[in-house]
Amino acid sequence: MGHWSAGLDFADLDRAVDEASDHSFAFLSRLVSAPSALGGEAPALDLFAAQLRELGFTTRKVFLGDDLGTDPRAGVPQEVAGERYNVVGTLGPSTGRSLLLNGHMDVVPAT
C-alpha cells in the first residue's frame, strides 16, 4: 500500500460504511425515483441539495446562461432552456486544499 494508507484503520472504515449504508441506499432510492429527464432535472437536483445540507454542506444554485450552448469552452453543445442550474455544495474552510466531486444528474427518457 502507498503512503496514503499510513495510519488508516480499514476495519474502522468498513464499519463506518456499514453503519451509513441503510441511509445511503434510502437516499439513492429517492434520487433515482426523482424526475431528472434532460431539462426537467430540478426535482433531482433539489433532493441532492437537501441531502448535502443534511450532511452539513452549504449549497447554492448556479444557473446556466442561455448562451451556454454556443460557448466553445462549455464542451459538448447543449440546449439550455428555462431555469436550468447546477448545485454546488461546500463544506469546511475556503482556504487550503480542496476536493471537487463532479456528477451527472440528467437522464434521457427510455423510448
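What counts as what
- Residues numbered from 1 in each chain as written.
- Predicted model: local features only at pLDDT ≥ 70, side-chain atom pairs only at ≥ 80, totals over all residues.
- Heavy atoms only, no water.
- Helix = DSSP H or I, 4+ residues; strand = E, 2+ residues; numbered from the N terminus.
- Contact = heavy atoms within 4.5 Å.
- Areas by Shrake-Rupley, 256 points an atom, 1.4 Å probe, with all protein chains shown as cover.
- Salt bridge = Lys/Arg side-chain N within 4 Å of Asp/Glu carboxyl O.
- Buried < 20%, exposed > 50% of the residue type's maximum accessible area, 1.4 Å probe, protein only.
- Core = buried A, V, L, I, M, F, W, Y, C linked by side-chain atoms within 4.5 Å.
- Expected span 1.5 Å × (residues − 1).
- Arc of directions from axis to C-beta.
- Patch = residues over 30% accessible without salt bridge, like charges linked within 9 Å, V, L, I, M, F, W, Y side chains within 5 Å.
- Lys, Arg positive; Asp, Glu negative; His and termini not counted.
- Charge placed at Lys NZ, Arg CZ, Asp CG, Glu CD.
- Phe/Tyr/Trp six-rings, centres within 6.5 Å; stacked < 30°, edge-to-face > 60°.
- Lys NZ or Arg CZ within 6 Å of the ring centre and 35° of its normal.

Trainee: Residue-level account of the overall build of the protein chain, with values.
Mentor: In terms of helices and strands, the protein chain carries two helices and two strands. Reading the protein chain from its N end, one meets helices and strands in the order α-α-β-β. Long-range contacts, defined here as pairs at least 24 residues apart, represent 53% of the contacts in the protein chain between residues at least 6 apart. As displayed, the protein chain has an accessible area near 8,900 Å², and 58% of this comes from carbon and sulfur atoms.

Trainee: A description of the pattern of salt bridges should follow, citing residues and the corresponding values.
Mentor: Going through the model one piece at a time under the given rule, you end up with three salt bridges. Between R15 and D12 there is a salt bridge, with its nearest N and O atoms 2.2 Å apart. In this pair, R15 and D12 are both assigned in helix 1 (residues 10-33), three residues apart and thus about one turn of the helix distant. Overall, the relative accessible area of 44% leaves R15 in the partly exposed class. Using a relative accessible area of 39% as the deciding quantity, one classes D12 as partly exposed.

Trainee: Would you mind going over the nonpolar core in detail, with residue names and values included?
Mentor: In terms of nonpolar packing, the biggest core is built from five residues, these being L45, A49, L52, Y85 and V87. Elements that contribute at least two residues to this core include exactly helix 2 (42-54) and strand 2 (85-90). Per-element tally for this core: the top contributor is helix 2, with three residues. Residue contacts for V87: discarding those within four places in its chain leaves L45, F48, A49, L52 and R60.

Trainee: So, helix 2: which residues are in play, and what are the values?
Mentor: Here helix 2 is 13 residues long and its end C-alpha atoms lie 18 Å apart, about the 18 Å a rise of 1.5 Å per residue gives. Of all the residues in helix 2, the buried ones are A44, L45, A49, Q51 and L52. Along the long axis of helix 2, the arc covered by the buried residues comes to 160°, so they all point the same way. Each element contacted by the buried residues of helix 2 is listed here: helix 1, strand 1 (58-63) and strand 2. G56 sits one or two residues past helix 2 and shows a positive phi near 100°.

Trainee: An account of a negative patch on the surface is needed here, citing residue identities and associated values.
Mentor: Together, D9, D14, D18 and E19 make up a negatively charged patch on the protein surface. Relative to the helices and strands, D18 resides in helix 1.

Trainee: Provide a residue-level description of the packing of aromatic side chains, including the pertinent values.
Mentor: Per the stated rule, a full pass over the model turns up one aromatic pair. Residues F63 and Y85 carry aromatic rings whose centres are separated by 5.4 Å and whose planes lie at 55° to one another, so their mutual orientation is tilted. Within this pair, whereas F63 is found in strand 1, its partner Y85 is found in strand 2, the two being separated by 22 residues in sequence. Owing to a relative accessible area of 46%, F63 belongs among the partly exposed residues under this scheme. Against the face of Y85 rests K61, its NZ or CZ located 4.6 Å from the ring centre.

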